[in-house]
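Architecture and fold: a report
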Amino acid sequence: MKFRAALHFGFDNTVTAGIVSAKARDTGEFLPFIQTDVAINPGNSGGPLLNMKGEVVGINSQIYSQSGGFMGISFAIPIDEAMRVADQLRASGKVVRGRIGVAIGPVSKEVAEAIGLSKAQGALVSNVESGGPAEKAGIEGGDVITRFDGKLIERSTDLPRLVGATRPGSKSSIQVFRRGAYKDLTVTVTELKEAPTRGGPEVGESRGSSSFGLSLSDLTESQRKELKLRGGVRVDAADGPAARAGLREGDLILSVDNAEVSSARQLQNLLGKLEKAKVISMVVRRGEATSIVLLRPGR
């Protein structure tokens, strides 16, 4: 690959050469950057990245540096992404991105094994915006989104890029892995805006106990309605294995090993049958965030 740009040091028509070391590099942004070792320094951002045929394949964007100078890692915006942005700017004067109203995280190998997912891939839903497109589509906290518009979600960072590139108002297919099975849904993508946040209400009531170090209580019907939950139980106290797994007072346990939880008694019965299990997976809601917690008995 060759890179051509004018430097701010007073030189024109500068050409440097290098190789592509990675594609679709994740830097925490919507764009899947091309990573190269082409020398890029302050002042030449915005120049074209060329292939050996002289075709523009990217636009120089940024470097990774601790000193402000080139350190051997450069990033370029893929030309297809740059042209998509340019087309939107010409048409409407602004860049519009899609959203579905979820907060997500990666799926570790350990979590994938515990929930029965064949491979550590997809995007784990930790929060679903109230009244947002995802909630209307039936997506729940603890779901693993595995496909969007038929495209496989290898890493959690793939999802924001695919959704962001989707025109607002479009109806898109979405596949989730939930409690040991795949489920196909349809979501209507909306325009990206600031996602609203809100605090979770207090919950509580009748007590129970467990050999895993859990003290539990049922949720009332009004509490479930307010939290928009079908079931779940509240953690009143966590000790021993439960505390070591990260559970704490106020957490809501929604399912255990892919089985939905509706009462403290039911959860105790489930745990009693799983005493000898190696690792137990729990879908847990804390405030507005939902995660998968792995409980290891006797550790």
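The following paragraphs examine the structure supplied in this document. (Residues numbered from 1 in each chain as written. Predicted model: local features only at pLDDT ≥ 70, side-chain atom pairs only at ≥ 80, totals over all residues. Heavy atoms only, no water.)

1. Observations regarding the pattern of salt bridges
Under the criterion given, the structure shown has 16 salt bridges. As a salt-bridge pair, E135 and K228 come within 3.8 Å of each other at their nearest N and O atoms. Residue E135 is found in helix α3 (residues 133-137), and its partner K228 is found in the loop between α5 (221-227) and β18 (233-238); the two are separated by 93 residues along the sequence. Among the residues examined, E135 registers a relative accessible area of 28% and is labelled partly exposed. Notably, a salt bridge pairs R285 with E288, separated by 3.8 Å at the nearest N-O pair. (Salt bridge = Lys/Arg side-chain N within 4 Å of Asp/Glu carboxyl O. Helix = DSSP H or I, 4+ residues; strand = E, 2+ residues; numbered from the N terminus. Buried < 20%, exposed > 50% of the residue type's maximum accessible area, 1.4 Å probe, protein only.)

2. Remarks on the pairing of strand β14 (residues 181-188)
With eight bridges connecting them, strand β13 (residues 171-178) and β14 associate as antiparallel partners. Note that in β14 the partner of S172 across the bridge is V187. If you look at the hairpin formed by β13 and β14, you'll find two residues sitting between the two strands, and R179 has a positive phi there, around 50°. (Pairing = 2+ DSSP bridges.)

3. As for unusual backbone geometry
Not every positive phi belongs to a glycine, and D149 is a case in point at roughly 50°. In this structure, D149 sits in the loop between β11 (144-148) and β12 (151-152). By relative accessible area, D149 is classed as partly exposed at 34%. Positive phi, close to 50°, is recorded for R179, a residue that is not glycine. Checked against the element boundaries, R179 lands in the loop between β13 and β14.

4. Re the side chain of S281
Relative to the helices and strands, S281 is located in strand β21 (residues 280-286). Excluding residues within four positions of it along the chain, S281 makes contact with A114, I115, S255, V256, D257, I292, V293 and L294. (Contact = heavy atoms within 4.5 Å.)

5. Section: the packing of aromatic side chains
The final tally for this structure, using the stated rule, is two aromatic pairs. Arranged with centres 6.1 Å apart and planes meeting at 65°, the rings of F33 and F75 form a pair that is edge-to-face. With F33 in strand β4 (residues 33-36) and F75 in strand β7 (residues 74-78), this pair connects stretches of sequence that are 42 residues apart. Like F33, the residue F75 is buried in the burial classification. Look at F177 and Y182: their rings are 5.1 Å apart centre to centre, the planes differ by 65°, and that puts the pair in the edge-to-face class. Overall, the relative accessible area of 47% leaves Y182 in the partly exposed class. (Phe/Tyr/Trp six-rings, centres within 6.5 Å; stacked < 30°, edge-to-face > 60°.)

Interpretation note: all reported values are geometric properties and have no functional meaning in isolation.
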